[in-house]
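Given next are the chains, with one letter for each unit.
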Amino acid sequence: MLGVERLSVQTARTPLLDDVTFTIERGERVGLIGESGSGKSLTALAVMGLLPEGLGATGDVRLSGRSPARRNLLGVGEREMARLRGDSMSMVFQEPMTALNPTMRVGDQVAEVMLLHRTQPSRAAARRRVVELLGQVDLPDAASLARSYPHELSGGQRQRVVLAIALANDPALLICDEPTTALDVTVQATVLDLVVRGVEERDAALLFITHDLGVVATVCERVLVMYGGRIVEAGPVHEVFTDPRHRYTQGLVAASDLTGAAGRRGRGALPTIPGSVPPAGAFPEGCVFRSRCAHATQVCATLPPWTPRGEHPAGAAAYGYACFHPAGGEGDDGDDD
Ligand SMILES: Nc1ncnc2c1ncn2[C@@H]1O[C@H](COP(=O)(O)OP(=O)(O)O)[C@@H](O)[C@H]1O
Ligand code: SF4
Ligand SMILES: [Mg+2]
């Protein structure tokens, strides 16, 4: 459904994304994880044609089955991209208020995206569909809620409205960028359920960005691990999380409480990845994780090749890692420092 090949993004002098390659099949839910500053949001913005002023993108981004038929979206003009956004592909951001117009009733905002893209024949039909859509995201009393303004709703309700807008035209691809990070923990699980239900009902592809591995384990089937503007590991969620190969993934998994590491080590004693994410342009040559990796050797100053984990129906490119001294490999002492 979505094919991203050798996507690179840069400012006039600094590379920000390097050779990002992945696919998402119809109906597939793929997570994109990595610490803050890894390049997750830029990847999403490049796909949506929403990169900030001053950034350039090269590579190939294709959304199949929709117009403009199988063209590289990086070469598509702004008018056509605007038509695709909110129709063939849509995005939910972390902060719902940035996506909503504070002076417009929320029902009208949901109706507008359908009228703009002509997916409903009339205003009356769009209104009826609004009530259905708000019901689908479990908003109570949808008909009267549609007449509310954003400030009259809770954060969780606002994010559900944003999700209803994103799903209104049955997109082929939904991208969520940390959609629950700003919400109360109790509301998070509900919104995650609604995202999964929304894409399942439409057989849409989902790219779900988060720094929370637990969320990925709940929502996604496959995961891409990003660091320093590169994808360093990719594969089925359960395999990558139980048997991470790249030393960066290994650090992320150890620092999350997915594996019960917190219990073993006692509360509050979770290990963290030493050091911090360098600013853009300051990542080392060769393996981008080299400056923080306890396993680095001289060879890591050259670019690690992509190593497939084994046979996979979606192809080896969707299923591997780039590390010279992988965890769990031969000669690994199992020490997870
Ligand atoms: N408009 C921009 N100009 C220059 N650098 C940018 C711009 N936007 C993002 N960056 C840099 O690109 C890197 C990746 O950013 P981002 O994709 O937002 O990371 P993430 O979403 O993983 O936290 C960061 O170092 C960030 O500072
Ligand atoms: S390639 Fe080398 S520096 Fe990079 S993660 Fe693997 S061991 Fe560490
Ligand atoms: Mg981000």
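Our subject in this report is the structure included herewith. These figures come from a predicted structure and were not determined experimentally.

Quick look at the site of ligand 1 now. Inspection of the region around ligand 1 gives 13 residues, with Gly37, Gly39, Lys40, Ser41 and Leu42 positioned closest. Side-chain polar atom of Lys40 to an oxygen atom of ligand 1: 2.8 Å apart, as the coordinates give it. Within the side chain of Ser41, an N or O atom sits 2.9 Å from an oxygen atom of ligand 1. Protein coverage of the free-state accessible area of ligand 1, which is 560 Å², stands at 66%. Tallying contributions element by element places helix 1 (residues 40–48) first for the shell around ligand 1, with three residues.

A few words on the nonpolar core. Leu134, Val161, Leu174, Phe208 and Phe241 are the most contacted members of the largest nonpolar core, which totals 59 residues. Take this core: its biggest share by element is seven residues, from helix 7 (residues 155–167). Looking at this core, you find at least three residues from each of domain 1 (2–220) and domain 2 (226–321).

Quick look at unusual backbone geometry now. Positive phi is not limited to glycine here, since Asp19 has a value of about 60 degrees. In this structure, Asp19 sits in strand 2 (residues 15–24). For Asp19, a relative accessible area of 34% translates into the label partly exposed. Although it is not a glycine, Asp141 adopts a positive phi angle of roughly 50 degrees. A relative accessible area of 56% places Asp141 in the exposed class.

This paragraph deals with the packing of helix 7 against helix 8 (residues 185–202). Two elements in contact, helix 7 and helix 8, have axes separated by 11 Å at closest approach and are oriented at 10 degrees. Of the possible angle classes, the one that applies to helix 7 and helix 8 is roughly parallel. Contacts between helix 7 and helix 8 involve Gly156, Gln159, Arg160, Leu163 and Leu167 from the former and Val187, Thr190, Val191, Leu194, Val195, Gly198 and Arg202 from the latter. Each residue belonging to the contact of helix 7 with helix 8 can be placed in one class, and the counts come to six nonpolar, four polar and two charged.

Analysis parameters
Residues numbered from 1 in each chain as written. Chains lettered and ligands numbered in written order. Predicted model: local features only at pLDDT ≥ 70, side-chain atom pairs only at ≥ 80, totals over all residues. Heavy atoms only, no water. Near = heavy atom within 4 Å. Polar contact = N/O pair within 3.5 Å; in protein donor to acceptor, adjacent residues only side chain to side chain. Areas by Shrake-Rupley, 256 points an atom, 1.4 Å probe, with all protein chains shown as cover. Helix = DSSP H or I, 4+ residues; strand = E, 2+ residues; numbered from the N terminus. Core = buried A, V, L, I, M, F, W, Y, C linked by side-chain atoms within 4.5 Å. Buried < 20%, exposed > 50% of the residue type's maximum accessible area, 1.4 Å probe, protein only. Domains from an automatic or database assignment. Axes fitted to C-alpha atoms, helices over the stretch in contact; angles between N-to-C directions. Parallel < 35°, antiparallel > 145°, perpendicular 65-115°, else oblique. Contact = heavy atoms within 4.5 Å. Nonpolar A, V, L, I, M, F, W, Y, C, P; charged D, E, K, R; others polar.

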